[in-house]
Amino acid sequence: MIINDFSKENSLISKYIFELRDVSIQKDSMRFRRNIERIGEIMSYEISKTLNYETVKVTTPLGEKEVYVPDNKIVLCSILRAGLPLHNGVLNYFDSVENAFISAYREHPNDDDDFEVIVSYLASPSIEGKTLILVDPMLATGKTLENVLEALKNHGKPKQIHILSVIGAKPGIEYVEKIFPADTHLWIAAVDDRLDSRGYIIPGLGDAGDLAYGDKL
Ligand code: URA
């Protein structure tokens, strides 16, 4: 796996991560969503440097010129619901991609900390031969991404996979490294060392879905 960890150099992303983590600032849900969206926009620009380009001729009012445009067919797939702000950020830059949505939730069969990830909804175009951008803002255990990869198998085999995450935990990153193809890119804004017994990233930022869209039952 090719890991692009944005926390290894100073950039505006560090400020957005600070605001996402801060227990007071993160209560402003509009700022929370927008900070995740901004991270998605910056990551999209970086991903664009890895794509294939073709030459096209553009006609301006005053003449013609050959320019380069990306020629990849891209499917952007997000995990509901926490993936939505990051999805929007990518869509702001890659405005004409195809979209896929998948819902995955943690089920606690024994009412304790153990959980299984259940995929209950998938709407996706074919991903055969395309560039797949998978959006999962909190890469905690890696089990969600594993289930998503499995669920997408009958939609084709992508040419290339990019995973976008805001915060990841080291154990989860190590887990996805083992199950995704070796040429998969992971774009991640911050990496924390560990998970708690419930599978939450420590210190992380809390529950990204609740912070973006409100509490659930
Ligand atoms: N999902 C979240 O929203 N936060 C975590 O820490 C882990 C999974």
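Criteria and cut-off values
- Residues numbered from 1 in each chain as written.
- Predicted model: local features only at pLDDT ≥ 70, side-chain atom pairs only at ≥ 80, totals over all residues.
- Heavy atoms only, no water.
- Helix = DSSP H or I, 4+ residues; strand = E, 2+ residues; numbered from the N terminus.
- Areas by Shrake-Rupley, 256 points an atom, 1.4 Å probe, with all protein chains shown as cover.
- Lys, Arg positive; Asp, Glu negative; His and termini not counted.
- Charge placed at Lys NZ, Arg CZ, Asp CG, Glu CD.
- Near = heavy atom within 4 Å.
- Polar contact = N/O pair within 3.5 Å; in protein donor to acceptor, adjacent residues only side chain to side chain.
- Nonpolar A, V, L, I, M, F, W, Y, C, P; charged D, E, K, R; others polar.
- Salt bridge = Lys/Arg side-chain N within 4 Å of Asp/Glu carboxyl O.
- Buried < 20%, exposed > 50% of the residue type's maximum accessible area, 1.4 Å probe, protein only.
- Axes fitted to C-alpha atoms, helices over the stretch in contact; angles between N-to-C directions.
- Parallel < 35°, antiparallel > 145°, perpendicular 65-115°, else oblique.
- Left-handed = near helix turned anticlockwise from the far one by under 90°.
- Contact = heavy atoms within 4.5 Å.
- 1 Å grid on protein atoms, 1.4 Å probe; cavity = no way out; pocket = protein on both sides within 12 Å on 5 of 7 lines; lining within 4 Å.
- Points joined across faces, edges and corners; volume = space filled by probe spheres on them.
- Phe/Tyr/Trp six-rings, centres within 6.5 Å; stacked < 30°, edge-to-face > 60°.
- Lys NZ or Arg CZ within 6 Å of the ring centre and 35° of its normal.

Participant: I'm lost on the overall build of the protein in this one. Help?
Facilitator: Scanning the protein from N- to C-terminus turns up six helices and 12 strands. In terms of overall dimensions, the protein has C-alpha extents of about 65 × 40 × 30 Å along its principal axes. In the structure as shown, the protein presents an accessible area of about 11,500 Å², 51% of it carried by carbon and sulfur atoms. If the 24 positive side-chain charges of the protein are averaged to one point and the 33 negative ones to another, these points end up 4 Å apart.

Participant: Hey, could you run me through the site of the ligand in this one?
Facilitator: Close contacts around the ligand come from Arg106, Met138, Ala140, Gly199, Tyr200, Ile201, Gly206, Asp207 and Ala208, and that covers them all. The contact in question runs from an oxygen atom of the ligand to an N or O atom on the backbone of Ile201, over 2.8 Å. Residue Ala208 places a main-chain N or O atom 2.8 Å away from an oxygen atom belonging to the ligand. Across the shell around the ligand, the residue classes tally to five nonpolar, two polar and two charged.

Participant: Where do I start with the pattern of salt bridges in this structure?
Facilitator: Two side chains bearing opposite charge may form a pair once their charged atoms approach each other closely. Inspection of every chain in the model, using the stated rule, returns 14 salt bridges. Salt-bridge contacts for Lys57 lead to Glu64; the nearest nitrogen and oxygen are separated by 3.9 Å. Exposure remark for Lys57: the relative accessible area of 55% places this residue in the exposed category. A relative accessible area of 56% places Glu64 in the exposed class. Its salt-bridge partner being Arg198, residue Asp196 comes within 3.2 Å of it at the nearest N-O pair.

Participant: What am I meant to see in the packing of helix H2 (residues 29–48) against helix H3 (residues 84–93) here?
Facilitator: Packed helix pairs are characterised by how far apart their axes lie and by the angle those axes make with each other. With their axes 7 Å apart at the nearest point, H2 and H3 run at an angle of 45 degrees to one another. The angle between H2 and H3 falls in the class oblique. The handedness of the crossing between H2 and H3 is right-handed. Facing H2, whose interface residues are Arg33, Arg34, Ile36, Glu37, Ile39, Gly40, Glu41, Ser44 and Tyr45, H3 presents Pro85, Leu86, Asn88, Gly89, Val90, Asn92 and Tyr93. Each residue belonging to the contact of H2 with H3 can be placed in one class, and the counts come to seven nonpolar, five polar and four charged.

Participant: How should I be thinking about the layout of surface pockets in this particular structure?
Facilitator: Empty space left among the atoms is revealed by rolling a probe the size of a water molecule over them. Considering only enclosed or pocket space, the largest pocket measures out at about 770 Å³ in volume. For the largest pocket, the lining is made up of 31 residues, of which Ala82, Ala104, Arg106, Tyr200 and Asp207 are closest to its centre. Elements supplying a minimum of two residues to the lining of the largest pocket: strand S4 (74–80), strand S5 (98–107), strand S8 (138–139), helix H4 (143–151) and helix H6 (208–213). Ranked by the residues each element gives to the lining of the largest pocket, the list is headed by S5, at four residues. Taken together, the residues of the lining of the largest pocket sort by class into 15 nonpolar, nine polar and seven charged. Taken as a whole, the second largest pocket encloses approximately 220 Å³ of empty space.

Participant: So what exactly am I meant to see when it comes to the packing of aromatic side chains here?
Facilitator: Aromatic ring pairs are reported here in terms of the distance separating the ring centres and the angle at which the planes meet. Throughout the structure, instances matching the rule amount to one aromatic pair. Pairing Phe6 with Trp187 gives two aromatic rings, centres 6.3 Å apart and planes at 40 degrees, and the pair type is tilted. Of the two residues, Phe6 is situated in the loop between strand S1 (2–5) and helix H1 (12–21) and Trp187 in strand S10 (residues 185–192); the sequence distance between them amounts to 181 residues. In this structure, Lys143 is placed above the aromatic ring of Tyr175, and the distance from its NZ or CZ to the ring centre is 5.2 Å.

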